[in-house]
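Structural overview for review
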Amino acid sequence: MSAGRSLAAARAGLPPQAVLLLPWALVYAAFFVFPFVFSFVLGFMQYNPLNVGASRFVGLEQFARLAGDRDFLQALRNTLLFVAGTVPVTTVAALALALLMRAPMPGKDLFKAALFLPSILSMVVVALLFKLFYAPGGALNAALAHLGVGMHGWLTDPRTALPAIMAMDVWAAVGYYAIIFYAAFTAIPRDLYEAAELDGAGAWASLRHVTLPLIRPTLAFVLVINTIRSFQVFVEVFVMTQGGPLGATNTLVLHLYETAFRRLDYGYASVIAYTVFVLSGVFSVIAIRRLRPQVGPEGAR
Amino acid sequence: MKPARALRFLALLVIVAAMAYPLAWMLALSLRTPDGTSLRFYRDVWQAGPFDRYFLNSVVVTGAVLAGNIVVCAMAGYAFARHRIRGGRVLFFLVISTIMLPKQVILVPMYILMQKLGLIDTYWALTVPFIADPFNIFLIRQYLASIPPDCEEAARLEGAGEMTILFRVVMPMIKPALAVVAIHTCLTNWNSFLFPFILTDSTSMRTLPVGVALLAQGAHSIDWGHLMAGAVISALPVIVAFMIFQRRIIGGLTSGMTR
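Residues numbered from 1 in each chain as written. Chains lettered and ligands numbered in written order. Predicted model: local features only at pLDDT ≥ 70, side-chain atom pairs only at ≥ 80, totals over all residues.

1. Considerations on the overall build of chain B
Using the following cut-off: Helix and strand assignments come from DSSP, with helices taken as H or I runs of at least 4 residues and strands as E runs of at least 2, each series counted from the N terminus. Each residue is classed by its C-beta neighbour count within 10 Å, where at least 20 other C-beta atoms makes it buried, 12 or fewer makes it exposed, and intermediate counts make it partly exposed; the C-beta atoms are placed from backbone geometry. What counts as a contact here is a pair of residues whose C-beta atoms, placed from the backbone, lie within 7 Å.
When you go through chain B residue by residue, the secondary structure sums to 14 helices and two strands. If one aligns the C-alpha atoms of chain B with their principal axes, the spans along those axes are about 70 × 65 × 35 Å. Counting all 259 residues of chain B, 44% fall into the buried class. A sequence separation of at least 24 residues applies to 78% of the contacts in chain B between residues at least 6 apart.

2. Quick word on the overall build of chain A
So the rule is basically this: Radius of gyration here is computed from C-alpha atoms only, and the compact-globule reference equals 2.2 Å multiplied by the residue count raised to the power 0.38.
Helices and strands together make up the secondary structure of chain A, namely 14 helices and two strands. For 301 residues, the compact-globule estimate of 2.2 N^0.38 gives 19 Å, and chain A exceeds it by more than 25% at 24 Å. By principal-axis analysis of the C-alpha atoms, chain A measures approximately 75 × 65 × 35 Å. Buried residues in chain A amount to 43% of all 301 residues. Of all intrachain contacts in chain A linking residues separated by at least 6 positions in sequence, the fraction that spans at least 24 positions is 66%.

3. Quick word on the packing of helix 8 (residues 158–186) of chain A against helix 11 (residues 216–231) of chain A
All names here are of chain A. Threshold: Axis lines are fitted to C-alpha atoms, over the contacting stretch for helices. Their N-to-C directions set the angle, which ranges from 0 to 180 degrees. For this classification, under 35 degrees means roughly parallel, over 145 means roughly antiparallel, 65 to 115 means roughly perpendicular, and everything else is oblique. When the near helix sits turned anticlockwise from the far one by under a right angle, the crossing is termed left-handed; a clockwise turn instead gives a right-handed crossing.
One way to put it is that helix 8 packs onto helix 11 with a least axis distance of 10 Å and a crossing angle of 160 degrees. By the angle between their axes, helix 8 is roughly antiparallel relative to helix 11. Crossing hand, helix 8 versus helix 11: right-handed. On the side of helix 8, the interface is formed by Ala173, Tyr177, Ile180, Phe181 and Ala184, while helix 11 contributes Thr218, Val222 and Asn226.

4. Observations regarding the interface of chain A and chain B
Selection criterion: Polarity classes work like this: nonpolar for Ala, Val, Leu, Ile, Met, Phe, Trp, Tyr, Cys and Pro, charged for Asp, Glu, Lys and Arg, and polar for all others, with Gly in that last group.
Between chain A and chain B, the contact holds 77 residues from the first and 67 residues from the second. With 16 residues, the single largest contributor to the side of chain A that touches chain B is helix 2 (residues 16–42) of chain A. For the side of chain A that touches chain B, a count of residues per class yields 63 nonpolar, twelve polar and two charged.

5. A short note on the environment of A:Val237
All names here are of chain A. As for its position among the elements, valine 237 is in helix 12 (residues 235–240). Along the primary structure valine 237 and methionine 45 are separated by 192 residues, whereas in three dimensions their C-alpha atoms are 29 Å apart. Leaving out residues up to four positions away in the same chain, valine 237 has contacts with Ile165, Gly243, Thr249, Thr251 and Leu254.

6. What about the domain arrangement of chain A?
Interface size, as often reported, equals the accessible area lost upon joining of the parts. Residues and elements named next belong to chain A. Under the convention used in this document: Where each domain starts and ends comes from a domain assignment, either automatic or drawn from a database.
Domain annotation for chain A reports domain 1 (2–61) and domain 2 (65–295). At the level of elements, helix 2 and strand 1 (45–46) are the ones that each hand at least two residues to the side of domain 1 that touches domain 2. Residues belonging to the side of domain 1 that touches domain 2 are distributed by class as follows: four nonpolar, three polar and no charged.

7. Describing helix 2 (residues 40–48) of chain B
All names here are of chain B. The line we're drawing: Picture the helix axis, draw a direction to every C-beta atom, and the arc is the one those directions span.
Listing the buried residues of helix 2 in full gives Phe41, Tyr42 and Val45. Within helix 2, the buried residues cover an arc of 100 degrees as seen down the axis, which keeps them to one side. In this structure, helix 2 carries Arg43, Gln47 and Ala48 as exposed residues pointing more than 90 degrees from its buried face. Packed against the buried residues of helix 2 are helix 1 (3–31), strand 1 (32–33), helix 3 (51–82) and helix 13 (224–244).

8. Brief notes about the nonpolar core
Proteins that are soluble and globular tend to have nonpolar side chains buried together. The cut-off we apply is this: What we call a nonpolar core is a set of buried Ala, Val, Leu, Ile, Met, Phe, Trp, Tyr and Cys residues whose membership is set by joining through C-beta atoms within 7 Å.
Judged by nonpolar contacts, the single largest core of 168 residues is most densely connected at A:Val124, A:Leu128, A:Ala178, A:Phe181, A:Ala273, B:Ala76 and B:Ile140. With 17 residues, the single largest contributor to this core is helix 8 of chain A. Residue contributions to this core reach at least three from each of two domains, namely domain 1 (2–61) and domain 2 (65–295) of chain A. Leave out the neighbours within four places in its chain, and A:Ala178 touches A:Ala94, A:Leu97, A:Ala98 and A:Leu115.

9. With respect to the confidence of the model for chain B
Under the convention used in this document: As a per-residue quantity, pLDDT reports the predictor's confidence and falls between 0 and 100.
Chain-level pLDDT for chain B is 90 on average; 97% of the residues reach the 70-or-more range. We note a pTM of 0.89 for the whole complex and an ipTM of 0.90 for its interfaces.

10. With respect to unusual backbone geometry
Residues and elements named next belong to chain A. Residue proline 245 follows glycine 244 across a cis peptide bond; omega there is -10 degrees. Looking at where proline 245 falls in the secondary structure, it is placed in the loop between helix 12 and helix 13 (252–262). The backbone of leucine 246 sits at a positive phi, close to 55 degrees, despite the residue not being glycine. Among the structural elements, leucine 246 can be located in the loop between helix 12 and helix 13. Unlike most non-glycine residues, leucine 264 shows phi in positive territory, near 55 degrees. Its location among the elements puts leucine 264 in the loop between helix 13 and helix 14 (266–291). Exposure remark for leucine 264: the 12 C-beta atoms within 10 Å place this residue in the exposed category.

Now the structure itself:
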C-alpha cells in the first residue's frame, strides 16, 4: 500500500527524502506513536470498551490501585525474581560455554548449531516441550525415579513452578549469548595472550586481565538486552501454568493480559503496562546509549 | 588424546545431548501412535487442527511482513544514511529507541485501534503494523553508512530518480544487510505469539504459534501426541532453514552484538 502512495506523493512534488521516509512515518505514527500516547491517556481513564461515550477521566485513581492489588504485587515480585534469577545464570553459563568453545575441537559447527537452535524456536514450542518434560509422567520424573527420587509435580507445586520455568528460560537463551561471547572472544588479538603468557600469567589470570576487560562492552550489552527481554516474560507462563499454582508464576505481562482481555479493564491494564515500561526503561536507556555513538556523522563502523 | 582434551570433548557431547534431547523427544512423541510409528497425528492436526490453515496464515503473514520490511526499511534506511533531513538525528534516535522498548506497552491501544478500524481478524492487522521494524531500519542505515556513495552519485549524474537509484543501485549493494533483515524478520514473525493472538479471534485467522498454544489449552487433559505433531509442524520450517543456512543465520543474528 505504502509504495503506491509514496509514488503519488512524489508526483505531488515532495522532496525525495520525504517520499523515502513517508511509508515508515505513516506506519510508525499510526501503529506506534498513536498507541503509545493513547496508552498513556488510557491510564488516567475508566475506559468503557462497550460504550466509549461512558468512559471518563479518573485522574490517578488507576495508579492508586496498584498498591492494593495483591495479584499485581505478586506478579511484580515474580517478574523481579525471574529477571534476577535468570539473567546472571544465563550470562555466566554462556561465558563458560564460550570459553569451552574457544579450544580447538572436532565438530565445533555441530556444537554451535545445537547451542543456537533453541533460541530460534518459537517460545510456544519450547514451553510445551518443557511442560511435558516437567509433567508427573514426564522425562524429568522418569530420570529422577532411576535415582530413587520420588515423583514431583514441578509445575503444580508453588515452590518449584517458577524456578522450573526459569531453568527452561536459561536452557533456551544460553546458546544465543554463548555464540555472541564466542564471537567477541575471536576478536581479541592472539598476541595479547602471548604477551600475558610471557608475563607468566596462567589461564585464570589471562581470563581476568585480558579476556573479560576486552569483552566488557559485549558483556554489558548482553546483560542489558537480556534484562529487557526477561521483564517481558509471558509466553512461558501463559503456555505452561497460566500464572498458577496460586499465582506462583503470575508475571506482569500475564497480569496485563488478564486485566485487559479477560476483565476488559483497559485503563488499569495500561497502568500495568507502564510499570513494565518503567522497569525495563532504565535498561533501555543504557542500551540506547550504547547504540547512539554510531548515530553521529562518523556513523560507519 | 590428552585427558584435558578428552574431558572437554565429553563435556561438549553432554551439552549437545542436553540441547538436542527435548527436540528428539518431541519428534518421538509425535510419531508414536496407538498403531505403531505413523504420521497419523500429523494427518489429524493438519486436517482437523486445522494446521493446514494455520500454516497458510503463517506463510502469508511472514511473507507479507518480509516484503513490506524490505521496501519500507530500505527506503527509510537509505534516507537516513544518505539524505539531509531536518531533525534527522532526532528521528533516527526515535527509531533506535523503539528497538529497545517493551512492545507490550502498546498492546491494549493496538487492540482498540484495530477494533475501531474493523481490522481485527484480518491479514491487515497481522501485517501492516509490523512492516517498519526499527531494527531493520537501523541495520540498513548502518550498513549503508559503511560504504561510499560513489555508485549512487554516478547514477544521479546520469539523471536517475531517487526511486530508481534505491531499487536499481542501492538494493543490490546492500544485499548482505537485506539478508540479515530477512532472517531477523522471518524468525520474529514466524514465531510471534502475543500480537497475532490478541489481533485475531477466529480459528481461520490463527497463525501456527497461536494454533499450537490454543491446542494446548483446549482439552481438559492434554493430548500430547497431537500437540507435539502441531509443535513439529510449526518448528520444522525453522529447523530446516537453520540446517541449510546455519552459518548465515548464526552470523546474521549475532552480528553487531559484539562491539
